[in-house]
Structure formats: structure tokens, C-alpha cells
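Structure assessment
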Amino acid sequence: MMDKKVVSVILGIFVLIGVCLCGCTEKPAEQSGEIISPETTSEAAISDKPTYIVGIDGEYPPYSFIDKNGEPQGFDVESVKWIADDMGFNVKIQAMAWDGIIPALQAGKIDMVYSGMTITDERKEVVNFSTPYLKINQSVAVHDDTNLTMDDFMAGTGKVGAQRGTTGAFWVEENLVNKSVMSADMLVTYDNFPLVATDLQNKRIDFAIYDRPPMMDAISGKPLHIIGEIDTGEDYGVAIRKTDPELLETINEGLAHLMASPKWIELQQKYEME
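Summarised in this report is the structure supplied together with it.

Here we come to the overall build of the protein. Broken down by element type, the protein carries 12 helices and 12 strands. Counting only residues that meet the buried cut, the protein has 41% of its 274 residues in that class. In the protein, of all internal contacts separated by at least 6 residues, the share reaching a separation of at least 24 is 73%. Working note: accessible area of the protein is about 14,800 Å², and carbon and sulfur atoms make up 53% of it.

What follows deals with the packing of aromatic side chains. Scanning the entire structure with this criterion turns up 12 aromatic pairs. Look at tyrosine 63 and tyrosine 236: their rings are 5.2 Å apart centre to centre, the planes differ by 80°, and that puts the pair in the edge-to-face class. Taken as a pair, tyrosine 63 in the loop between strand 2 (59-60) and strand 3 (64-66) and tyrosine 236 in strand 12 (residues 224-240) lie far apart in primary sequence, 173 residues in all. Exposure remark for tyrosine 236: the relative accessible area of 0% places this residue in the buried category. Grouping aromatic residues by their ring pairs yields a cluster made of Tyr60, Tyr63, Trp98, Tyr114, Tyr133, Phe193, Tyr210 and Tyr236.

Attention now moves to the nonpolar core. Core analysis: the largest hydrophobic core is formed by 41 residues, its most contacted members being Phe75, Tyr133 and Ile251. Residues in contact with phenylalanine 75, not counting those within four places in the same chain, are Pro62, Tyr63, Tyr133, Leu134, Trp264, Leu267, Gln268, Tyr271 and Met273. Leu148, Met150, Val160 and Val177 belong to the second largest nonpolar core, which has 17 residues in total.

Looking at the secondary structure, you find glutamate 234 in strand 12. In this structure glutamate 234 is buried but unpaired, with arginine 123 as the nearest side chain of opposite charge at 6.7 Å. Among the polar contacts made by the side chain of glutamate 234, one reaches the side chain of threonine 118 at a distance of 2.7 Å. Engagement of the side chain of glutamate 234 in a polar contact is seen with the side chain of glutamine 138, the distance being 2.8 Å. Setting aside residues no more than four positions away along its own chain, glutamate 234 makes contact with Thr118, Leu134, Lys135, Ile136, Asn137, Gln138, Thr167 and Asp211.

Our next topic: a negative patch on the surface. Together, Asp85, Asp86, Glu246, Glu249 and Glu253 give the surface a local cluster of negative charge. Mapped by element, the contributors of at least two residues to the negative patch are helix 4 (75-87) and helix 11 (245-259). Structurally, glutamate 249 can be placed in helix 11.

Before going further, it helps to spend a moment on the sheet that holds strand 3. The three strands are arranged 2-3-4 in an open sheet whose pairing can be described as antiparallel. Whereas interior strands pair on both sides, the edge strands pair on one side only; in this sheet they are strand 2 and strand 4 (72-73). Examined bridge by bridge, strand 3 and strand 4 share two bridges and lie antiparallel to one another. Following the sheet pairing, isoleucine 66 is matched in strand 4 by proline 72.

Another aspect to go through is the pattern of salt bridges. Tallying each qualifying case throughout the model produces 11 salt bridges. Where aspartate 191 meets arginine 164, a salt bridge forms, and the shortest distance between an N and an O atom there is 2.4 Å. Taken together, the residues aspartate 191 in the loop between strand 10 (187-190) and helix 9 (193-201) and arginine 164 in the loop between strand 9 (160-163) and helix 8 (167-177) connect sequence positions 27 residues apart. Since its relative accessible area comes to 51%, aspartate 191 is described here as exposed. Residues joined in a network through salt bridges with shared partners are Glu78, Lys263, Glu266 and Lys270.

Attention now moves to the pairing of strand 9. Going residue by residue along strand 9, you find Val160 and Ala162 tucked away on one face and Gly161 and Gln163 tucked away on the opposite face as well. By the bridge criterion, four bridges tie strand 9 to strand 10 in an arrangement that is parallel. Looking at the pairing, valine 160 lines up with leucine 187 of strand 10. Crossover handedness for the path strand 9 to helix 8 to strand 10: right-handed. Across two bridges, strand 9 lies against strand 11 (residues 207-211) in parallel orientation. In the strand pairing of strand 11, glycine 161 is matched with alanine 208.

Turning to helix 12 (residues 262-270), its buried residues number three or more, namely Trp264, Leu267 and Gln268. Buried positions in helix 12, seen along its axis, are confined to an arc of 100° and lie on one side of it. Those residues of helix 12 that are exposed and aimed more than 90 degrees away from the buried face are Pro262, Gln269 and Lys270. Along its buried surface, helix 12 packs onto helix 4, strand 8 (134-143) and helix 11.

What counts and how
Residues numbered from 1 in each chain as written. Predicted model: local features only at pLDDT ≥ 70, side-chain atom pairs only at ≥ 80, totals over all residues. Heavy atoms only, no water. Helix = DSSP H or I, 4+ residues; strand = E, 2+ residues; numbered from the N terminus. Buried < 20%, exposed > 50% of the residue type's maximum accessible area, 1.4 Å probe, protein only. Contact = heavy atoms within 4.5 Å. Areas by Shrake-Rupley, 256 points an atom, 1.4 Å probe, with all protein chains shown as cover. Phe/Tyr/Trp six-rings, centres within 6.5 Å; stacked < 30°, edge-to-face > 60°. Core = buried A, V, L, I, M, F, W, Y, C linked by side-chain atoms within 4.5 Å. Lys, Arg positive; Asp, Glu negative; His and termini not counted. Salt bridge = Lys/Arg side-chain N within 4 Å of Asp/Glu carboxyl O. Polar contact = N/O pair within 3.5 Å; in protein donor to acceptor, adjacent residues only side chain to side chain. Patch = residues over 30% accessible without salt bridge, like charges linked within 9 Å, V, L, I, M, F, W, Y side chains within 5 Å. Charge placed at Lys NZ, Arg CZ, Asp CG, Glu CD. Pairing = 2+ DSSP bridges. Right-handed = clockwise from strand over helix to strand, strands pointing away. Arc of directions from axis to C-beta.

Here it is in C-alpha cells:
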């Protein structure tokens, strides 16, 4: 049998160990370095904001495009990021095929389309639009080696290339094909406009039709030139689901703030929109 003094010493040692262990497991977060840090606090603040997925055409400079590093850039991309900061929400930019972008919006895969989308009556039947923020016309380009004119274009002389789902393609369908000025097979549609420009450069088509600012960017450095414009007077707007009236109100307010700020002029000058 152990001596009582030995037992007392052993018990004292166990009590001391227990106290030490308790002190370790209940150390405050401030002292342990967990949770309380500038980085963590910043991340927590960001996570408190709603995040909206913004659908764009990734090959539509100067409005929206993916740069060589895989990052979204452009007039509209910078605009929506500015609005997000101003109105207190986060954005995730998602590039996708243009002809499927409204179905993606309706299906809830994205929350808005902010990428030089023209406001049309047909589109307004399925989505809501913000207040207009830019007015654009369609332009027509040809190869440098040709003598084709706008009169030839309006007469349906030659093949016309257009990006599928764009107002340029719609205009040709409504004003040339449907009015029997040219046959339907003379309108060639593509997934994106760079493909149109390539075929025009290779003389597989005779004309290309597209919004003027991105047309100028797409044909820069190529043996192509613009021969004229069609005064369509299109208004660009941000497309939002009809079931999201609060988001529409937020975007409208953000656009008003942006267009009244020095940033608006800065963006127009940066992307040569003036």
C-alpha cells in the first residue's frame, strides 16, 4: 500500500496537469490568432454581400472580352464592377455563347446580361431591361479588294456574314431576307464575330454586319474596311429576369450613379466610345 504522502503528491500532479490542459483548449480566439485577422474580417465582410453572376459575350470588344490572361475586360465589365462597388454587391463574370445567353438568364444560370445587349420588343417579352446606357448603329464592312458599296449591300448583292443572335443578323433577316431582297442562304451566321471577320478576310463572304465599335476593333489590322452604317438607333440595356424587380431597381440606380460620375467619361475615353 502506498504511503499517504506519496498519494497526495501524485494527486497534486494530476490536478496540475488538468489545469494546464484546460488552459490550452480554452485559449481565446484573439490570442490564438484564429478568426480575428484583417484578412478573415475582410472575407467575412465580402461574404455578407450578395453575389450576382453577370453573363457576357467573351468576344465582344470593346464592351466585353476575355484577355490573354483569361480575365474579363471591357467597357461593360468595368461598368458593372463599378456599380457593384457603389451599390454594395459582388459580381462573378461568366462568358458564354451569345445565342444561348437569354435562355441561361431565364434558367437562373446567370443573374443579368451586361454585354452590349440591344433592347428589342422581342427580348422585352421574356426579360426586363434597365434604362438604356448607350445608343449604337449597325455598320457594314467589306474586303479592301472589293468595290462593293452600301447600295450593293442594300440590294442583296453578295453573301452577308453576321454573328448568330445579334441585331445585325435580325436586321438582315427582317429587311433583306423576309422582303425577298436576298435569299435566306445568302445570310451566313456564326457563333462569334471574329469568325465572321476571318471569313470576310478570306473572301468567303462579301459583307459583314455588326455594331460599329466592336466592328472597328475586329477589323483593325486586317484588309477590311467599313463602307457605311445603318441608322438603327439601338439602345443598349442590362437584361434581368422579370422575377427580379429588386435587382432591376438596383442596377438602374447604379447606372444613374455611374453615368453621373467622372468614371463614365473615363470609361468612354478609355474604350474610345466618344
